Amino acid sequence: MTILAPPAVTAVSASPAIRVEGLEKTYADGTRALRGVDLTVSPGEGVVVLGHNGCGKSTLMKCLTGIERPTGGRILVGDVDPAVLRGARLRALRHGIGCVFQKFNLVGNVSVLQNVLFGALGRHGLLACVSPLARTPLRAQALDALARVGLATLAGRRADTLSGGQQQRVAIARMLMQEARVVLADEPVASLDPKAGREVMDLLWSIVRERGLTVICVLHQLELAREYADRLVGLAAGRVVFDSPAHQVTATQLETLYAGTGPAREAGT
Amino acid sequence: MSRNDAAPPPRWPRPSLAAWLVLLVFGALFLSGLQRADPSLERLGIGVDNLAEFAMDAVPPDFSRWRAIVVAMFETLQMAIVGVAFGVALSFPIALLCARNTSPHAVVRALARMVVTTLRTVPDLIWALVFVIAVGLGPLAGILAIVMDTIGFCARFFSERIEEVDPSPGQALAATGAGGGAVILGAIAPACLPSFAATSLYSVEKAVRSAVVLGLVGAGGIGVELSASMNLFRYDQALTVILVILLVVMAVEQVSGWVRQRVI
């Protein structure tokens, strides 16, 4: 299976989209961020990863995109291990993984449309993705992506003039432009107010569902996590402490996960 | 309210030994420099007399050679613009090699920084002398000198700005599968553009001023006119040249200030 294969629209098939086996990551300063993480995500499945700050969530996401190299264990995204890839092959893998970041990570002083076109960089290269030079079908695709996130009218605006919620929508449109099969969202609503956060989660999950994308999402908002996820995975000190369907995760498990780190944020608080 | 037993920080932090040493060296250099200049009241008095004599010879300015002076000033402007254009264009790739976050290797970075430091350390007048020897008298020597000076100046400021850029948009582009070049041109360059524009415009101002001086060593432009007038003791013509320079430099500063405001 490759991550660029046609979608299996919302159906959860047997062949995993992501498989993580015994993943270890120890940084150069001796910090052990991941200690034998096992995780399997089926195509079309939505998994939310929970855990307090420093528990290894972001390191796990970085390992999945090949930004960080694991020091042990194995990852398979589709049938490819990002840890062994370099250069063009790693870029090809990344092109199939859409990322949504906490701080949106848009290029602030270029247009919204240009930011969305950047989603196609991996497929078409820079020249083809520069807004004035981009071919009509590519521009049309970018405008469609913007229309899907409800921002078609703001295509010409500078990205840094938009609100946080709007910027995250642009980031989602950029991810759509990527035509990725796997979405990694690292605290996508952490920088937003509760209302905007919920709107962004509604949008992200509706897109994920309609296209049958596989998603791993890091969240701190327990209410949102329970509401949207198929499965909840709890990480503590680099280990998976629970991995269950969302409705089976108990309040005690969540309290234990966040024990000693202050109360976890409930959406709307 | 809990009682604060901690001693308050000193009102004036005690300077370190290194700070004292720097102060001492600075003071010694200042005093020895002052002594070497020998600024006696007598000499300053003679200087004022000489200046008055110069002013009497220079006023009123002689505009009879205005055509030649305007042509030379135009040549100076052209030298500055062509030199800065090439200098800025070359500064960008060199700055990428100098910046910690875009340089392909530490050795490449060290070499690139060394080149830029050398270019910056050598004054533009020395570059002009070198290029007059290399390509002969005229504007080409001046343009080459301005190119070198602009690289030394712009590449340093460009690379510092590149290092300050928020890495997040670049990481997002890299996460889409973009290559290094696309990340630089798609995320880093747009973020740096306002600062690059401001630095480049300042370079134009700087180049116009230095192009005037470069003419004094035969590197073309209005400096040749100024030098000739001074050598022939035609201070009235020299004053015309100085007034034209003043006018053009002020105009360039105004235009660049206006453009800078628009870009930033």
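Just so we're clear, the structure is a prediction, and the values are computed from it rather than from any experiment.

Asks: Any chance you could break down the overall build of chain A for me, citing the residues and the numbers?
Replies: Helix and strand counts for chain A stand at ten helices and nine strands. Relative to the compact-globule value of 18 Å for 269 residues, chain A shows a C-alpha radius of gyration of 18 Å, a close match. Seen through its principal axes, chain A has C-alpha atoms that stretch 50 × 40 × 40 Å. Burial statistics for chain A: of 269 residues in total, 47% are counted as buried. The long-range share in chain A, meaning contacts at least 24 apart out of those at least 6 apart in sequence, stands at 70%.

Asks: I'd like to hear about the overall build of chain B, residue by residue, with values.
Replies: The number of helices and strands found in chain B is ten helices and zero strands. What you see in chain B, going N to C, is helices and strands ordered as α-α-α-α-α-α-α-α-α-α. Taken over the C-alpha trace, chain B has a radius of gyration of 25 Å; the compact-globule value for 264 residues is 18 Å, which it surpasses by more than 25%. With the C-alpha coordinates of chain B rotated into their principal frame, the extents come out at 75 × 55 × 40 Å. Burial analysis of chain B (264 residues in total) assigns 38% to the buried set. Contacts in chain B between residues at least 24 apart in sequence constitute 74% of all its contacts with a sequence separation of at least 6.

Asks: Any details on helix α4 (residues 106-121) of chain B? Residues and values, ideally.
Replies: All names here are of chain B. Under the 1.5 Å per step criterion, the end-to-end length of α4 is 22 Å for 16 residues, consistent within 8% with the ideal 22 Å. Every buried residue of α4 is listed here: A112, V116 and L119. Within α4, the buried residues cover an arc of 60° as seen down the axis, which keeps them to one side. Exposed side chains of α4 directed beyond 90 degrees from the buried face belong to A106, V107, M114, T118 and T121. Buried residues along α4 sit in contact with α3 (66-98) and α6 (139-164).

Asks: Which residues make up the sheet that holds strand β2 (residues 32-41) of chain A, and what are the values?
Replies: Residues and elements named next belong to chain A. Read from one edge of the open sheet, three strands run β2-β1-β4, paired in antiparallel fashion. Edge positions in the sheet fall to β2 and β4 (72-77), since each of these pairs with one other strand and no more. Along the sheet, successive strands turn relative to each other by an average axial angle of 20°, direction set aside.

Asks: With reference to specific residues and values, describe the environment of B:A198.
Replies: Its location among the elements puts B:A198 in helix α8 (residues 180-214). Distance from B:A198 to B:G257, taken between C-alpha atoms, is 8.7 Å for residues 59 residues apart in sequence.

Asks: Report on the interface of chain B and chain A, specifying residues and quantitative values.
Replies: On the chain A side, the residues contacting the 18 residues of chain B number 20 residues. Listed by contribution, the elements that provide at least two residues to the side of chain B that touches chain A are α7 (168-175) and α8 of chain B. With eight residues, α8(B) is the single largest residue contributor to the side of chain B that touches chain A. Each residue belonging to the side of chain B that touches chain A can be placed in one class, and the counts come to eleven nonpolar, seven polar and no charged.

Asks: Run through the packing of α4(B) against α6(B), naming residues and quoting values.
Replies: All names here are of chain B. Relative to each other, α4 and α6 sit at 125°, their axes nearing to 8 Å. As the angle between them shows, α4 and α6 are arranged oblique. Every pair of crossing elements has a handedness; the one defined by α4 and α6 is left-handed. Residue-level contacts link V116, L119 and R120 of α4 to M148, I151, G152, F153, A155 and R156 of α6.

Asks: Explain the packing of α6(B) against α8(B) to me, using residue names and the numbers behind them.
Replies: Residues and elements named next belong to chain B. Running from N to C, α6 and α8 cross one another at 150°; their axes reach a closest spacing of 9 Å. Relative to α8, the element α6 is oriented roughly antiparallel. Like other packed secondary-structure pairs, α6 and α8 cross with a definite hand, here right-handed. For the pair α6 and α8, the contacting residues are G142, A145, I146, D149, T150, F153, C154, F157, F158, R161 and I162 in the first and I188, C192, S195, F196, T199, S200, S203, A207, S210, A211 and L214 in the second.

Asks: Lay out unusual backbone geometry with the relevant residues and their values.
Replies: With an omega of 0°, the peptide bond running from B:V59 to B:P60 counts as cis. Within the fold, B:P60 resides in the loop between α2 (41-58) and α3. Despite not being glycine, A:E187 shows a phi value in the positive range, around 50°. Within the element layout of this structure, A:E187 appears in the loop between β6 (182-186) and α8 (194-211).

Asks: Explain the sheet that holds strand β7 (residues 214-218) of chain A residue by residue, including any values.
Replies: All names here are of chain A. Taken in spatial order, the six strands of this open sheet run β5-β6-β7-β3-β8-β9, and their pairing is mixed. The open sheet has two free edges, formed respectively by β5 (97-100) and β9 (239-245), since each of these has just one partner strand. When the angles between neighbouring strand axes are averaged without regard to direction, this sheet yields 15°. Both strand β3 (residues 46-50) and β7 contribute to a ladder of four bridges, which runs parallel. Along β7, the bridge assignment pairs V48 with C217.

Asks: Tell me about α3(B), and please be specific about residues and values.
Replies: A rise of 1.5 Å per residue sets the reference length of α3(B), with its 33 residues, at 48 Å; its end C-alpha atoms lie 45 Å apart and thus fit the reference within 8%. Along α3(B), the sharpest kink reaches roughly 30°, centred on B:F92 and followed within four residues by the proline B:P93.

Asks: Can you break down the confidence of the model for chain B residue by residue, with the values?
Replies: All names here are of chain B. On average, chain B scores 89 in pLDDT, and the residues at 70 or more come to 98%. Averaged pLDDT values for the elements of chain B fall to 86 in helix α9 (residues 222-231) and rise to 94 in α4. Per the prediction output, this complex has pTM 0.78; the corresponding ipTM is 0.81.

Asks: Explain the environment of A:V183 to me, and be specific about the residues and the numbers.
Replies: Residue and element names in this part refer to chain A. You can see V183 is positioned in strand β6. Counting along the chain gives 25 residues from V183 to V208, while the straight-line C-alpha distance between them is 8.1 Å. Once residues lying within four places of it in the same chain are set aside, the contact partners of V183 are G98, V100, M175, V208, L213 and V215.

Asks: Requested: an account of the pairing of β6(A), with residues and values cited.
Replies: Residues and elements named next belong to chain A. Of all five residues in β6, five are buried, a share of seventy percent or more. Where β5 meets β6, four bridges bridge the pair, whose relative direction is parallel. When the sheet's bridge partners are listed, V100 is paired in β6 with A185. As defined by bridge partners, β6 adjoins β7 across five bridges and the pair is classed as parallel. Residue pairing in the sheet places V183 in a bridge with V215 of β7. Read as a crossover between parallel neighbours, the route from β6 over α8 to β7 is right-handed.

Conventions and cut-offs
Every residue gets a number counted from 1 within its own chain, in the order that chain's sequence is written. Chain A is the first chain written and ligand 1 is the first ligand written, with later ones labelled in order. Reporting of local features is limited, given that this is a predicted model, to residues whose pLDDT is at least 70; pairs of side-chain atoms are given and counted only at 80 or more, and all residues count toward the totals for whole chains, interfaces and linings. Each helix corresponds to a stretch of at least 4 residues labelled H or I by DSSP, and each strand to a stretch of at least 2 residues labelled E; elements are numbered beginning at the N terminus. Just to be clear, the radius of gyration here is over C-alpha atoms, and the globule rule we use is 2.2 Å times residues to the power 0.38. Field definition: a residue is buried when 20 or more other C-beta atoms are found within 10 Å of its C-beta, exposed when 12 or fewer are, and partly exposed for counts in between, with C-beta atoms placed from the backbone. Contact criterion: two residues are in contact if their C-beta atoms, reconstructed from the backbone, are within 7 Å. Helix span is expected to be 1.5 Å times the residue number reduced by one. Along the arc lie the directions from the helix axis toward the C-beta atoms. DSSP-based pairing: two strands are paired if at least 2 bridges between them are found. Note on method: axes are straight lines fitted to C-alpha atoms, helices fitted across the in-contact stretch only, with angles between N-to-C directions ranging 0 to 180 degrees. Three classes are used, and their members are as follows: Ala, Val, Leu, Ile, Met, Phe, Trp, Tyr, Cys and Pro are nonpolar, Asp, Glu, Lys and Arg are charged, and the others, Gly among them, are polar. Here the word oblique covers every angle except those under 35 degrees (roughly parallel), over 145 (roughly antiparallel) and from 65 to 115 (roughly perpendicular). Take the far helix as your reference; a near helix turned counterclockwise from it by less than a right angle gives a left-handed crossing, and one turned clockwise gives a right-handed crossing. To get the bend at any residue, fit one axis to the seven residues that end at it and another to the seven that begin at it, then take the angle between the two axes. Per-residue confidence from the predictor is given as pLDDT, running between 0 and 100. By the criterion used throughout, a crossover qualifies as right-handed when its path from the first strand across the helix to the second strand runs clockwise, the strands pointing away from the viewer.

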